[in-house]
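Breakdown of the fold
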Amino acid sequence: MYFVSIIAIVFVTAILTFSVSIQSFIDLPSLLLVLLLAVPILISSGLFRDFNNAFRIALSKKENNSLIEIKRALEVINMMIRAFLCIGLFLFLVSMITVLHMLATPESLGPSLSVSLLCFIYGTAMALLLLPIKAILQVRIIEFMPEQENEIPREKEKDIQEENAETE
């Protein structure tokens, strides 16, 4: 299902940009900046391994993961969604400063504005791609919790039965 969401995002983007060349949305340096700024955030937070595990947990059908692993994976995905949005906004603002310095040449204003907007679009797109992973991990946590909740009342029932047996 994750791949269906990726295809849907690409399809909707293609429909919305039908009148504009797809090359207008491709700027490799901006994309690399967004991705490369995310790596130090992952490393400094100590969650780089958990980021890889998040994809393994979400995309695998096996359910032999511990609750801690799933929660750590969800935490890193939440962090990266926020980080990608902040990175996109940061790069947009920095490139807007560059654009404002080039106001003397109006012919370069359009392409410069589009490149600065692409930074924000790429950050938002990365966050959108992580949303299905977040949803899958949240469902895994919800599915994991009832098993634990069912065990607690059984233990309480045994304690109550033992207390009743002792009082009789």
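Cut-offs applied
All residue numbers refer to positions counted from 1 along the written sequence of the respective chain. A pLDDT threshold of at least 70 governs which residues receive local features in this predicted model, and a stricter bar of 80 or more applies before side-chain atom pairs are shown or counted, although totals over entire chains, interfaces and linings include all residues. Derived side-chain values reflect all non-hydrogen atoms in the structure, with water molecules and hydrogen atoms excluded from consideration. A cavity, in this analysis, means grid points on a 1 Å lattice covering only the protein atoms where a 1.4 Å probe fits yet has no way out; a pocket is instead an open set bounded by protein on both sides within 12 Å along at least five of seven lines, and a residue lines either one if it has an atom within 4 Å of a point. Grid points are joined across faces, edges and corners, and a volume is the space filled by probe spheres set on the points. Only DSSP runs of H or I reaching four residues or more are called helices, and only runs of E reaching two or more are called strands; each is numbered from the N terminus. Lys, Arg, Asp and Glu make up the charged group, whereas Ala, Val, Leu, Ile, Met, Phe, Trp, Tyr, Cys and Pro make up the nonpolar group; the residues left over, Gly among them, are polar. For this document, the term salt bridge refers to a Lys or Arg side-chain nitrogen within 4 Å of an Asp or Glu carboxyl oxygen. Think of it in three bands: with a 1.4 Å probe and only protein chains considered, a residue is buried below 20% of the maximum accessible area for its type, exposed above 50%, and partly exposed in between. The span one expects for a helix is its residue count, reduced by one, times 1.5 Å. Each C-beta atom gives one direction from the helix axis, and the arc is the one those directions make. Centres within 6.5 Å are what make two rings of Phe, Tyr or Trp a pair, Trp counting through its six-membered ring; a difference in plane orientation under 30 degrees is then read as stacked, over 60 as edge-to-face, and the rest as tilted.

**Brief notes about the layout of surface pockets**
- Of the volumes computed, that of the largest pocket is approximately 450 Å³.
- Looking at the lining of the largest pocket, the elements with two or more residues in it are helix H1 (2–16) and helix H5 (109–167).
- Tallying contributions element by element places H5 first for the lining of the largest pocket, with 6 residues.
- For the lining of the largest pocket, the per-class residue count stands at 13 nonpolar, 2 polar and no charged.

**What to know about the pattern of salt bridges**
- This model, assessed by the stated rule, comprises 1 salt bridge.
- With its nearest N and O atoms 2.5 Å apart, the salt bridge here joins arginine 72 to aspartate 50. Of the two residues, arginine 72 sits in helix H4 (residues 67–101) while aspartate 50 sits in helix H3 (residues 48–59), which places them 22 residues apart along the sequence.

**What about the environment of isoleucine 121?**
- Mapped onto the elements of the fold, isoleucine 121 is located in helix H5.
- Given a relative accessible area of 38%, isoleucine 121 falls into the partly exposed group.
- In the structure, isoleucine 121 is positioned 32 residues away from leucine 89 in sequence and 9.1 Å away in space, judged by C-alpha atoms.

**With respect to H3**
- For H3, with 12 residues, the first-to-last C-alpha span of 17 Å sits near the 16 Å given by 1.5 Å per residue.
- All of the buried residues in H3 are Asp50, Phe51, Ala54, Ile57 and Ala58. Looking straight down H3, one finds that the buried residues subtend no more than 125° of arc, so they occupy a single side.

**What to know about the packing of aromatic side chains**
- Applying the stated criterion across every chain, the model contains 2 aromatic pairs.
- Seen in terms of ring centroids, phenylalanine 51 and phenylalanine 55 are 5.2 Å apart; in terms of plane orientation they differ by 85°. Their pairing is edge-to-face. Taken together, the residues span about one helical turn, with phenylalanine 51 and phenylalanine 55 both in helix H3 at a distance of 4 residues.
- Taken together, a centroid distance of 6.4 Å and an interplanar angle of 50° make the contact between phenylalanine 92 and phenylalanine 120 tilted. You can see phenylalanine 92 sitting in helix H4 and its partner phenylalanine 120 sitting in helix H5, a full 28 residues away along the chain.
- On the accessibility criterion, phenylalanine 92 (19% relative accessible area) is buried.
- Accessibility expressed as a relative area gives 33% for phenylalanine 120, which makes it partly exposed.

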